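This is what each chain is made of:
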Amino acid sequence: MIHIHEEAARCLFCIDAPCSQVCKNGDPARAIRAIRFGNEKLASQWVAACTDEELEQAEAACIHYDKPIRIKELVRSVESGNALANEKAPSLAIEFVGIPCENPFFLASSAICTNYEMVARAFEAGWAGVFFKTICMQDINEVSPRFDAVKDGPSFTGFRNMEQLSENPVDVDFDILRRLKQNYPTKVVVASIMGQTEEQWIELAKMAEAAGVDAVELNFSCPQMRLAGMGSDVGQDAELVTFYTAYVKRSVKIPVIAKMTPNITQINQPAMGAYFAGVDAISAINTIKSVTMSPLSAVSDKLTVSGYSGRAVKPIALRFIYEMASNSIIKKMEYSGIGGIETWRDALEFIQLGCNNVQVCTAVMEYGYRIIDDLILGLQHYMSERGIDQLEHLVGEQLPNFVLPSKLDRDTIVYPNINREKCIGCGRCYTSCTDGGHQAINFDPDTRQPRIVGTKCVGCHLCRLVCPTGAIGLTKRIKKKMQQ
(Lines give C-alpha, C1' and ligand atoms only; values in the text may rest on other atoms or scores of the structure.)
Protein backbone atom coordinates (compact mmCIF):
# COMPACT_ATOMS: atom_id res chain seq x y z
CA MET A 1 0.00 0.00 0.00
CA ILE A 2 1.27 3.49 -0.88
CA HIS A 3 -0.02 6.84 0.30
CA ILE A 4 0.30 8.87 -2.89
CA HIS A 5 0.34 12.33 -1.30
CA GLU A 6 2.84 11.30 1.35
CA GLU A 7 5.14 9.77 -1.25
CA ALA A 8 4.77 12.69 -3.66
CA ALA A 9 5.65 15.10 -0.85
CA ARG A 10 9.02 13.30 -0.52
CA CYS A 11 9.95 14.30 -4.07
CA LEU A 12 12.68 16.94 -4.30
CA PHE A 13 11.23 18.41 -7.52
CA CYS A 14 14.65 18.48 -9.14
CA ILE A 15 15.44 20.77 -12.03
CA ASP A 16 15.91 18.71 -15.21
CA ALA A 17 14.75 15.75 -13.16
CA PRO A 18 16.90 12.65 -13.78
CA CYS A 19 13.85 10.41 -13.51
CA SER A 20 12.24 12.11 -16.51
CA GLN A 21 15.48 12.29 -18.48
CA VAL A 22 15.67 8.49 -18.68
CA CYS A 23 11.98 8.07 -19.47
CA LYS A 24 11.50 8.32 -23.26
CA ASN A 25 7.72 8.05 -23.34
CA GLY A 26 6.67 10.20 -20.43
CA ASP A 27 7.49 12.67 -17.72
CA PRO A 28 7.19 11.06 -14.27
CA ALA A 29 8.53 14.19 -12.53
CA ARG A 30 5.63 16.20 -13.96
CA ALA A 31 3.16 13.52 -12.88
CA ILE A 32 4.54 13.57 -9.33
CA ARG A 33 4.34 17.36 -9.25
CA ALA A 34 0.71 17.15 -10.32
CA ILE A 35 -0.02 14.82 -7.40
CA ARG A 36 1.83 17.06 -4.93
CA PHE A 37 -0.11 20.15 -6.00
CA GLY A 38 -3.58 18.67 -5.97
CA ASN A 39 -4.03 17.31 -9.49
CA GLU A 40 -3.81 13.60 -8.78
CA LYS A 41 -6.82 12.97 -11.04
CA LEU A 42 -4.88 14.36 -13.99
CA ALA A 43 -1.41 13.05 -13.21
CA SER A 44 -1.65 9.87 -15.29
CA GLN A 45 -1.55 11.78 -18.58
CA TRP A 46 2.18 12.35 -18.17
CA VAL A 47 2.98 8.65 -17.72
CA ALA A 48 0.23 6.96 -19.74
CA ALA A 49 2.68 5.83 -22.44
CA CYS A 50 5.40 4.71 -20.02
CA THR A 51 6.18 1.02 -19.67
CA ASP A 52 6.83 -0.51 -16.27
CA GLU A 53 10.44 -0.96 -17.34
CA GLU A 54 10.77 2.76 -18.05
CA LEU A 55 9.32 3.65 -14.68
CA GLU A 56 11.72 1.26 -12.99
CA GLN A 57 14.58 2.99 -14.80
CA ALA A 58 13.21 6.34 -13.71
CA GLU A 59 13.15 5.16 -10.11
CA ALA A 60 16.75 3.94 -10.40
CA ALA A 61 17.73 7.41 -11.65
CA CYS A 62 16.12 9.17 -8.68
CA ILE A 63 18.71 11.17 -6.69
CA HIS A 64 16.74 11.47 -3.44
CA TYR A 65 19.12 11.85 -0.49
CA ASP A 66 17.39 9.12 1.54
CA LYS A 67 15.78 6.52 -0.69
CA PRO A 68 14.36 6.78 -4.22
CA ILE A 69 10.77 7.84 -4.72
CA ARG A 70 8.67 4.75 -5.43
CA ILE A 71 7.88 6.12 -8.87
CA LYS A 72 6.26 3.13 -10.52
CA GLU A 73 4.07 2.31 -7.55
CA LEU A 74 3.20 5.97 -7.07
CA VAL A 75 2.14 6.83 -10.60
CA ARG A 76 0.38 3.49 -11.11
CA SER A 77 -1.63 4.12 -7.95
CA VAL A 78 -3.29 7.30 -9.17
CA GLU A 79 -6.66 7.21 -10.79
CA SER A 80 -6.45 7.23 -14.58
CA GLY A 81 -8.11 10.44 -15.66
CA ASN A 82 -8.57 12.29 -18.92
CA ALA A 83 -6.43 15.29 -19.73
CA LEU A 84 -8.35 18.56 -19.80
CA ALA A 85 -8.48 19.53 -23.46
CA ASN A 86 -7.46 23.14 -23.99
CA GLU A 87 -10.43 23.83 -26.24
CA LYS A 88 -12.79 22.55 -23.52
CA ALA A 89 -11.05 24.12 -20.53
CA PRO A 90 -13.10 26.77 -18.77
CA SER A 91 -11.69 30.27 -18.95
CA LEU A 92 -10.14 31.62 -15.76
CA ALA A 93 -10.49 35.21 -16.97
CA ILE A 94 -11.84 37.62 -14.37
CA GLU A 95 -11.91 41.35 -13.74
CA PHE A 96 -10.23 42.96 -10.76
CA VAL A 97 -10.95 46.66 -10.08
CA GLY A 98 -12.07 46.91 -13.69
CA ILE A 99 -8.84 45.40 -15.04
CA PRO A 100 -9.12 42.25 -17.21
CA CYS A 101 -7.01 39.40 -15.80
CA GLU A 102 -6.30 36.23 -17.78
CA ASN A 103 -6.41 34.21 -14.55
CA PRO A 104 -6.58 35.02 -10.83
CA PHE A 105 -2.95 34.13 -10.03
CA PHE A 106 -0.56 36.97 -9.16
CA LEU A 107 2.92 37.23 -7.69
CA ALA A 108 2.81 38.85 -4.26
CA SER A 109 4.98 41.84 -3.49
CA SER A 110 8.16 40.20 -2.16
CA ALA A 111 11.53 38.72 -3.03
CA ILE A 112 9.98 36.75 -5.90
CA CYS A 113 9.54 39.89 -8.03
CA THR A 114 12.44 42.28 -7.56
CA ASN A 115 13.66 42.85 -11.14
CA TYR A 116 12.56 42.80 -14.75
CA GLU A 117 13.98 39.39 -15.62
CA MET A 118 12.23 37.62 -12.75
CA VAL A 119 8.80 39.02 -13.52
CA ALA A 120 9.22 38.44 -17.27
CA ARG A 121 9.94 34.75 -16.62
CA ALA A 122 6.87 34.53 -14.41
CA PHE A 123 4.70 36.13 -17.10
CA GLU A 124 6.06 33.74 -19.71
CA ALA A 125 5.24 30.84 -17.38
CA GLY A 126 1.59 31.91 -17.16
CA TRP A 127 1.18 34.19 -14.15
CA ALA A 128 -1.49 36.81 -14.83
CA GLY A 129 0.10 39.69 -12.98
CA VAL A 130 2.46 41.02 -10.36
CA PHE A 131 2.32 43.15 -7.26
CA PHE A 132 5.92 44.32 -7.61
CA LYS A 133 8.17 44.46 -4.57
CA THR A 134 7.27 47.52 -2.51
CA ILE A 135 8.96 50.73 -3.59
CA CYS A 136 9.96 53.36 -1.02
CA MET A 137 12.21 56.42 -0.79
CA GLN A 138 14.29 55.14 2.11
CA ASP A 139 17.63 53.38 1.81
CA ILE A 140 17.10 49.67 2.43
CA ASN A 141 19.96 47.77 4.05
CA GLU A 142 19.11 44.12 4.61
CA VAL A 143 20.48 41.64 7.18
CA SER A 144 22.05 38.23 6.60
CA PRO A 145 20.65 35.65 6.91
CA ARG A 146 17.11 36.95 6.64
CA PHE A 147 15.04 33.79 6.16
CA ASP A 148 14.09 30.88 8.41
CA ALA A 149 11.64 28.01 8.04
CA VAL A 150 9.59 25.65 10.18
CA LYS A 151 9.79 22.41 8.21
CA ASP A 152 7.79 19.21 7.87
CA GLY A 153 10.30 16.88 6.25
CA PRO A 154 11.74 18.70 3.24
CA SER A 155 8.81 21.11 2.95
CA PHE A 156 8.04 24.41 4.65
CA THR A 157 5.19 24.40 7.13
CA GLY A 158 5.85 28.05 7.82
CA PHE A 159 8.37 30.56 6.55
CA ARG A 160 9.83 33.52 8.43
CA ASN A 161 11.47 36.48 6.72
CA MET A 162 13.13 39.69 7.82
CA GLU A 163 13.26 41.20 4.34
CA GLN A 164 12.08 44.76 3.98
CA LEU A 165 11.33 46.65 0.76
CA SER A 166 12.97 47.06 -2.65
CA GLU A 167 16.67 47.86 -2.51
CA ASN A 168 16.58 49.40 -5.99
CA PRO A 169 16.63 53.17 -6.52
CA VAL A 170 13.12 54.50 -7.05
CA ASP A 171 13.69 55.50 -10.68
CA VAL A 172 15.08 52.04 -11.46
CA ASP A 173 11.98 50.30 -10.08
CA PHE A 174 9.55 52.49 -11.97
CA ASP A 175 11.54 51.98 -15.17
CA ILE A 176 11.22 48.22 -14.62
CA LEU A 177 7.47 48.57 -14.22
CA ARG A 178 7.24 50.75 -17.34
CA ARG A 179 9.12 48.16 -19.42
CA LEU A 180 7.08 45.27 -18.04
CA LYS A 181 3.83 46.95 -19.02
CA GLN A 182 5.14 47.89 -22.45
CA ASN A 183 6.45 44.39 -23.22
CA TYR A 184 3.58 42.47 -21.58
CA PRO A 185 0.51 44.65 -22.23
CA THR A 186 -1.98 41.87 -21.41
CA LYS A 187 -0.43 41.20 -18.01
CA VAL A 188 -1.44 43.18 -14.93
CA VAL A 189 1.32 45.26 -13.37
CA VAL A 190 0.66 46.72 -9.93
CA ALA A 191 3.11 49.02 -8.15
CA SER A 192 3.30 48.42 -4.42
CA ILE A 193 4.44 51.56 -2.60
CA MET A 194 5.14 52.70 0.96
CA GLY A 195 5.66 56.27 2.10
CA GLN A 196 6.55 57.76 5.45
CA THR A 197 4.79 61.08 4.96
CA GLU A 198 1.81 62.41 3.04
CA GLU A 199 4.15 63.88 0.44
CA GLN A 200 5.99 60.60 -0.10
CA TRP A 201 2.78 58.61 -0.56
CA ILE A 202 1.54 61.11 -3.15
CA GLU A 203 4.84 61.35 -5.01
CA LEU A 204 5.28 57.58 -5.24
CA ALA A 205 1.71 57.10 -6.43
CA LYS A 206 2.13 59.72 -9.15
CA MET A 207 5.38 58.12 -10.27
CA ALA A 208 3.62 54.77 -10.49
CA GLU A 209 0.84 56.23 -12.61
CA ALA A 210 3.39 57.93 -14.87
CA ALA A 211 5.13 54.58 -15.36
CA GLY A 212 1.91 53.23 -16.86
CA VAL A 213 1.06 50.60 -14.26
CA ASP A 214 -2.49 49.26 -14.01
CA ALA A 215 -2.95 50.00 -10.29
CA VAL A 216 -1.11 50.97 -7.13
CA GLU A 217 -1.06 49.00 -3.88
CA LEU A 218 -0.53 50.87 -0.61
CA ASN A 219 1.55 48.70 1.70
CA PHE A 220 0.18 49.42 5.18
CA SER A 221 1.36 46.10 6.51
CA CYS A 222 5.06 45.19 6.39
CA PRO A 223 5.88 43.88 9.91
CA GLN A 224 9.64 44.35 9.86
CA MET A 225 10.21 47.96 8.85
CA ARG A 226 13.01 49.41 10.98
CA LEU A 227 11.68 52.97 10.62
CA ALA A 228 8.79 54.29 12.71
CA GLY A 229 5.62 55.39 10.96
CA MET A 230 5.85 52.82 8.17
CA GLY A 231 4.49 49.36 7.43
CA SER A 232 2.26 47.72 10.02
CA ASP A 233 2.65 50.79 12.27
CA VAL A 234 0.33 52.49 9.78
CA GLY A 235 -1.91 49.50 9.14
CA GLN A 236 -2.76 49.26 12.85
CA ASP A 237 -4.00 52.86 12.86
CA ALA A 238 -7.33 53.21 11.05
CA GLU A 239 -7.01 57.00 10.99
CA LEU A 240 -3.65 56.89 9.21
CA VAL A 241 -4.96 54.31 6.75
CA THR A 242 -7.87 56.62 5.96
CA PHE A 243 -5.71 59.71 5.52
CA TYR A 244 -2.99 58.13 3.38
CA THR A 245 -5.53 56.32 1.20
CA ALA A 246 -7.45 59.54 0.66
CA TYR A 247 -4.27 61.42 -0.24
CA VAL A 248 -3.39 58.88 -2.90
CA LYS A 249 -6.93 58.57 -4.26
CA ARG A 250 -7.06 62.33 -4.82
CA SER A 251 -3.69 62.25 -6.58
CA VAL A 252 -4.08 59.50 -9.19
CA LYS A 253 -6.72 58.14 -11.52
CA ILE A 254 -5.60 54.50 -11.55
CA PRO A 255 -7.19 52.01 -9.10
CA VAL A 256 -5.85 52.08 -5.54
CA ILE A 257 -5.55 48.93 -3.42
CA ALA A 258 -4.89 48.97 0.33
CA LYS A 259 -2.86 46.09 1.81
CA MET A 260 -3.97 45.20 5.32
CA THR A 261 -1.90 43.90 8.22
CA PRO A 262 -2.89 40.78 10.20
CA ASN A 263 -1.03 42.12 13.24
CA ILE A 264 -4.20 43.59 14.66
CA THR A 265 -7.21 42.33 16.61
CA GLN A 266 -9.93 43.75 14.36
CA ILE A 267 -9.05 44.12 10.69
CA ASN A 268 -12.39 45.74 9.85
CA GLN A 269 -11.37 49.03 11.45
CA PRO A 270 -8.50 49.92 9.08
CA ALA A 271 -10.38 48.23 6.20
CA MET A 272 -13.34 50.53 6.74
CA GLY A 273 -10.94 53.46 6.93
CA ALA A 274 -9.66 52.57 3.47
CA TYR A 275 -13.22 52.04 2.25
CA PHE A 276 -14.42 55.46 3.38
CA ALA A 277 -11.36 57.00 1.74
CA GLY A 278 -12.53 55.57 -1.57
CA VAL A 279 -10.15 52.64 -2.02
CA ASP A 280 -10.92 50.36 -4.98
CA ALA A 281 -9.88 47.06 -3.39
CA ILE A 282 -8.22 45.51 -0.37
CA SER A 283 -5.44 42.92 -0.32
CA ALA A 284 -4.82 40.78 2.75
CA ILE A 285 -2.88 39.54 4.51
CA ASN A 286 0.77 40.43 4.88
CA THR A 287 3.02 38.29 7.08
CA ILE A 288 2.28 37.69 10.76
CA LYS A 289 4.69 38.89 13.41
CA SER A 290 6.54 35.89 14.77
CA VAL A 291 9.64 34.50 16.44
CA THR A 292 11.75 31.52 15.40
CA MET A 293 14.84 30.62 17.38
CA SER A 294 17.12 28.66 15.09
CA PRO A 295 20.73 29.63 15.80
CA LEU A 296 21.48 29.14 12.09
CA SER A 297 19.17 32.06 11.30
CA ALA A 298 20.51 34.45 13.92
CA VAL A 299 22.09 37.70 12.76
CA SER A 300 25.45 38.03 14.51
CA ASP A 301 23.98 35.87 17.31
CA LYS A 302 20.96 38.18 17.70
CA LEU A 303 17.27 37.42 17.09
CA THR A 304 14.27 39.62 16.37
CA VAL A 305 10.54 39.62 15.61
CA SER A 306 9.72 39.30 11.91
CA GLY A 307 7.08 38.12 9.45
CA TYR A 308 5.66 34.57 9.15
CA SER A 309 4.04 33.14 6.02
CA GLY A 310 3.42 29.83 4.27
CA ARG A 311 0.90 27.03 4.79
CA ALA A 312 0.62 27.65 8.52
CA VAL A 313 -0.97 31.09 8.10
CA LYS A 314 -3.70 30.19 5.58
CA PRO A 315 -6.52 29.65 8.12
CA ILE A 316 -5.68 33.01 9.71
CA ALA A 317 -5.66 34.74 6.34
CA LEU A 318 -9.01 33.18 5.44
CA ARG A 319 -10.46 34.39 8.72
CA PHE A 320 -9.47 37.99 7.93
CA ILE A 321 -10.86 37.78 4.40
CA TYR A 322 -14.11 36.36 5.76
CA GLU A 323 -14.42 39.11 8.38
CA MET A 324 -14.07 41.83 5.77
CA ALA A 325 -16.17 40.13 3.08
CA SER A 326 -19.02 39.55 5.54
CA ASN A 327 -18.91 43.08 6.97
CA SER A 328 -22.20 44.76 6.14
CA ILE A 329 -20.47 48.02 5.24
CA ILE A 330 -17.57 46.83 3.07
CA LYS A 331 -18.81 43.43 1.89
CA LYS A 332 -19.09 44.63 -1.72
CA MET A 333 -15.43 45.59 -1.77
CA GLU A 334 -13.13 43.64 -4.10
CA TYR A 335 -10.44 41.56 -2.41
CA SER A 336 -7.07 40.09 -3.29
CA GLY A 337 -6.28 37.12 -1.05
CA ILE A 338 -2.81 36.32 0.30
CA GLY A 339 -1.52 33.77 2.79
CA GLY A 340 -0.36 30.18 2.51
CA ILE A 341 -1.53 29.50 -1.04
CA GLU A 342 0.27 26.50 -2.57
CA THR A 343 -2.37 24.60 -4.53
CA TRP A 344 -5.43 25.44 -6.58
CA ARG A 345 -7.56 24.24 -3.68
CA ASP A 346 -5.97 26.87 -1.44
CA ALA A 347 -6.70 29.53 -4.05
CA LEU A 348 -10.27 28.30 -4.44
CA GLU A 349 -10.93 28.80 -0.72
CA PHE A 350 -9.95 32.47 -0.96
CA ILE A 351 -12.06 32.93 -4.07
CA GLN A 352 -15.07 31.27 -2.43
CA LEU A 353 -14.76 33.74 0.44
CA GLY A 354 -14.91 36.73 -1.90
CA CYS A 355 -11.51 37.25 -3.55
CA ASN A 356 -11.28 38.11 -7.25
CA ASN A 357 -7.64 37.16 -7.32
CA VAL A 358 -4.95 35.66 -5.12
CA GLN A 359 -1.29 36.47 -4.54
CA VAL A 360 1.38 33.81 -4.02
CA CYS A 361 4.82 34.22 -2.48
CA THR A 362 6.20 31.50 -0.19
CA ALA A 363 5.23 28.61 -2.46
CA VAL A 364 7.07 30.29 -5.34
CA MET A 365 10.13 30.79 -3.12
CA GLU A 366 10.08 27.08 -2.30
CA TYR A 367 9.07 25.52 -5.64
CA GLY A 368 9.48 28.19 -8.33
CA TYR A 369 7.20 29.88 -10.85
CA ARG A 370 6.38 26.45 -12.38
CA ILE A 371 3.58 25.86 -9.86
CA ILE A 372 1.39 28.09 -12.01
CA ASP A 373 0.83 25.07 -14.29
CA ASP A 374 -0.98 23.13 -11.56
CA LEU A 375 -2.76 26.18 -10.18
CA ILE A 376 -4.34 26.81 -13.57
CA LEU A 377 -4.93 23.17 -14.47
CA GLY A 378 -6.49 22.28 -11.13
CA LEU A 379 -8.87 25.22 -11.01
CA GLN A 380 -9.95 24.65 -14.60
CA HIS A 381 -10.59 20.97 -13.92
CA TYR A 382 -12.61 21.81 -10.81
CA MET A 383 -14.75 24.26 -12.77
CA SER A 384 -15.21 21.73 -15.56
CA GLU A 385 -16.38 19.05 -13.13
CA ARG A 386 -18.92 21.45 -11.65
CA GLY A 387 -20.06 22.77 -15.01
CA ILE A 388 -18.97 26.33 -14.21
CA ASP A 389 -17.83 28.40 -17.17
CA GLN A 390 -17.04 31.72 -15.47
CA LEU A 391 -14.70 32.11 -12.53
CA GLU A 392 -16.70 35.00 -11.12
CA HIS A 393 -19.50 32.54 -10.27
CA LEU A 394 -17.24 31.09 -7.56
CA VAL A 395 -16.45 34.44 -5.94
CA GLY A 396 -17.99 34.53 -2.45
CA GLU A 397 -20.13 31.41 -2.93
CA GLN A 398 -19.23 30.02 0.51
CA LEU A 399 -20.04 33.17 2.47
CA PRO A 400 -23.72 32.23 3.03
CA ASN A 401 -22.60 29.01 4.75
CA PHE A 402 -20.95 30.86 7.63
CA VAL A 403 -22.95 31.46 10.79
CA LEU A 404 -22.27 32.49 14.36
CA PRO A 405 -21.31 29.65 16.76
CA SER A 406 -24.65 30.13 18.47
CA LYS A 407 -26.43 29.26 15.20
CA LEU A 408 -24.65 25.94 14.60
CA ASP A 409 -26.66 22.71 14.73
CA ARG A 410 -26.15 21.20 18.18
CA ASP A 411 -28.97 18.66 18.04
CA THR A 412 -27.39 16.13 15.68
CA ILE A 413 -24.22 14.04 15.58
CA VAL A 414 -22.00 12.39 12.95
CA TYR A 415 -20.26 9.26 14.20
CA PRO A 416 -16.93 8.14 12.74
CA ASN A 417 -16.77 4.88 10.85
CA ILE A 418 -13.72 2.60 10.45
CA ASN A 419 -12.90 1.10 7.05
CA ARG A 420 -11.32 -2.24 7.98
CA GLU A 421 -9.67 -2.64 4.59
CA LYS A 422 -7.70 0.58 5.04
CA CYS A 423 -6.97 0.18 8.75
CA ILE A 424 -3.41 -1.02 9.38
CA GLY A 425 -3.85 -1.42 13.16
CA CYS A 426 -1.42 1.31 14.25
CA GLY A 427 -3.66 2.38 17.14
CA ARG A 428 -3.17 6.10 16.62
CA CYS A 429 -6.91 6.68 16.91
CA TYR A 430 -7.01 4.81 20.22
CA THR A 431 -4.10 6.76 21.70
CA SER A 432 -5.48 10.15 20.69
CA CYS A 433 -9.01 9.39 21.82
CA THR A 434 -7.82 7.95 25.15
CA ASP A 435 -5.40 10.74 26.02
CA GLY A 436 -6.91 13.68 24.15
CA GLY A 437 -10.53 12.80 23.53
CA HIS A 438 -13.39 10.98 25.21
CA GLN A 439 -12.06 7.45 25.75
CA ALA A 440 -14.50 6.18 23.11
CA ILE A 441 -12.22 3.73 21.29
CA ASN A 442 -11.16 0.27 22.46
CA PHE A 443 -8.12 -1.46 20.99
CA ASP A 444 -7.64 -5.23 20.79
CA PRO A 445 -3.89 -5.96 21.03
CA ASP A 446 -4.33 -9.45 19.55
CA THR A 447 -6.18 -8.46 16.38
CA ARG A 448 -4.76 -4.91 16.40
CA GLN A 449 -8.21 -3.58 15.60
CA PRO A 450 -9.80 -0.46 17.10
CA ARG A 451 -13.50 -0.38 17.93
CA ILE A 452 -15.60 2.74 18.45
CA VAL A 453 -17.73 2.70 21.59
CA GLY A 454 -20.92 4.41 20.49
CA THR A 455 -22.18 5.14 24.00
CA LYS A 456 -19.07 7.23 24.72
CA CYS A 457 -18.37 8.76 21.30
CA VAL A 458 -19.31 12.46 21.05
CA GLY A 459 -18.53 12.80 17.34
CA CYS A 460 -15.54 15.12 17.76
CA HIS A 461 -13.60 13.32 14.97
CA LEU A 462 -10.16 13.63 16.49
CA CYS A 463 -9.69 9.97 15.53
CA ARG A 464 -10.38 10.70 11.87
CA LEU A 465 -7.90 13.55 11.81
CA VAL A 466 -5.01 11.56 13.28
CA CYS A 467 -5.55 8.41 11.18
CA PRO A 468 -2.53 8.17 8.83
CA THR A 469 -4.25 6.02 6.20
CA GLY A 470 -7.63 7.73 5.90
CA ALA A 471 -9.35 4.64 7.27
CA ILE A 472 -11.83 6.61 9.36
CA GLY A 473 -14.73 8.23 7.58
CA LEU A 474 -18.18 9.62 8.33
CA THR A 475 -21.58 8.08 8.90
CA LYS A 476 -24.87 9.83 8.29
CA ARG A 477 -25.82 12.75 10.52
CA ILE A 478 -28.50 11.66 12.98
CA LYS A 479 -30.38 13.15 15.90
CA LYS A 480 -28.62 12.99 19.24
CA LYS A 481 -30.10 10.62 21.76
CA MET A 482 -31.80 12.31 24.66
CA GLN A 483 -29.76 12.35 27.86
CA GLN A 484 -31.24 10.08 30.51
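Whatever comes next refers back to the structure up there.
Residues numbered from 1 in each chain as written. Predicted model: local features only at pLDDT ≥ 70, side-chain atom pairs only at ≥ 80, totals over all residues. Heavy atoms only, no water.

Participant: Is there a simple way to explain the pattern of salt bridges in this structure?
Facilitator: As a working rule, side chains carrying opposite charge can pair if their charged atoms are close by. Under the definition given, this model contains 22 salt bridges. Here Arg70 makes a salt bridge to Glu73, at a shortest N to O gap of 3.1 Å. With relative accessibility at 31%, the residue Arg70 sits in the partly exposed group. Here Glu73 falls in the partly exposed class, since its relative accessible area comes to 33%. Its salt-bridge partner being Glu163, residue Lys133 comes within 2.6 Å of it at the nearest N-O pair. One end of the pair, Lys133, is in the loop between strand 4 (129–131) and strand 5 (147–152); the other, Glu163, is in the loop between strand 6 (155–161) and helix 7 (170–183), and 30 residues separate them in sequence. Owing to a relative accessible area of 9%, Glu163 belongs among the buried residues under this scheme. (Salt bridge = Lys/Arg side-chain N within 4 Å of Asp/Glu carboxyl O. Buried < 20%, exposed > 50% of the residue type's maximum accessible area, 1.4 Å probe, protein only. Helix = DSSP H or I, 4+ residues; strand = E, 2+ residues; numbered from the N terminus.)

Participant: Can you walk me through the packing of helix 13 (residues 344–352) against helix 15 (residues 372–386) in this structure?
Facilitator: Interaxial distance between helix 13 and helix 15 falls to 8 Å at its minimum, and their mutual angle equals 60 degrees. Considered as vectors, helix 13 and helix 15 are oriented oblique to each other. Judged by the sense of rotation from one axis to the other, the crossing of helix 13 with helix 15 is right-handed. Within the contact between the two elements, helix 13 uses Trp344, Leu348, Ile351 and Gln352 and helix 15 uses Asp374, Leu375, Gly378, Leu379, Tyr382 and Arg386. (Axes fitted to C-alpha atoms, helices over the stretch in contact; angles between N-to-C directions. Parallel < 35°, antiparallel > 145°, perpendicular 65-115°, else oblique. Left-handed = near helix turned anticlockwise from the far one by under 90°. Contact = heavy atoms within 4.5 Å.)

Participant: I tried to follow the packing of aromatic side chains on my own but got confused; where do I start?
Facilitator: Two measures describe an aromatic ring pair: the distance that separates the ring centres and the angle between the ring planes. Scanning the entire structure with this criterion turns up 14 aromatic pairs. Ring centres of Phe13 and Tyr367 lie 5.6 Å apart, and the angle between their planes is 90 degrees; this geometry places the pair in the edge-to-face category. Linking Phe13 in the loop between helix 1 (4–10) and helix 2 (18–21) with Tyr367 in helix 14 (residues 362–367), this pair joins segments that are 354 residues apart in sequence. The residues Phe13 and Tyr367 share a single accessibility class, namely buried. Among the aromatic side chains, those forming a connected cluster through ring pairs are Trp201, Phe220, Tyr244 and Tyr247. The aromatic ring of Phe37 is capped on one face by Arg36, whose charged end is 4.6 Å from the ring centroid. (Phe/Tyr/Trp six-rings, centres within 6.5 Å; stacked < 30°, edge-to-face > 60°. Lys NZ or Arg CZ within 6 Å of the ring centre and 35° of its normal.)

Participant: Explain the sheet that holds strand 6 here, please?
Facilitator: Sheets are built from strands that pair by backbone hydrogen bonding, the pairs being arranged parallel or antiparallel. The four strands lie next to each other as 5-6-12-11, forming an open sheet whose pairing is antiparallel. Every other strand in the sheet has two partners, leaving strand 5 and strand 11 (288–290) as the edge strands with one partner each. In this sheet, adjacent strand axes meet at a mean angle of 35 degrees when their direction is disregarded. Relative to strand 12 (residues 306–309), strand 11 is paired through three bridges, and the arrangement is antiparallel. Residue pairing across strands places Ile288 opposite Tyr308, the latter belonging to strand 12. (Pairing = 2+ DSSP bridges.)

Participant: Hey, could you run me through the nonpolar core in this one?
Facilitator: Soluble, globular proteins show a tendency: their nonpolar side chains are buried together. Phe105, Trp127, Phe174, Met260 and Met324 are the most contacted members of the largest nonpolar core, which totals 133 residues. Those residues in contact with Phe174 that lie beyond four places of it in its chain are Ile135, Ala191, Ile193, Leu204, Met207, Ala208 and Ala211. Grouped together as the second largest cluster of nonpolar side chains are 11 residues, Cys423, Cys429, Cys463 and Ile472 included. (Core = buried A, V, L, I, M, F, W, Y, C linked by side-chain atoms within 4.5 Å.)

Participant: Would you explain the sheet that holds strand 4 in this entry?
Facilitator: Spatial ordering of the closed barrel is given by 3-4-7-8-9-10-13-14, a layout of eight strands whose pairing is parallel. Recorded for the sheet is a direction-independent mean angle of 25 degrees between the axes of neighbouring strands. With four bridges joining them, strand 13 (residues 334–338) and strand 14 (residues 355–360) adopt parallel strand pairing. Paired with Ser336 across the two strands is Asn357, which belongs to strand 14. Helix 10 (residues 238–251) contacts strand 8 (215–219) and strand 9 (256–259) of the sheet and is inclined by roughly 160 degrees relative to strand 8.

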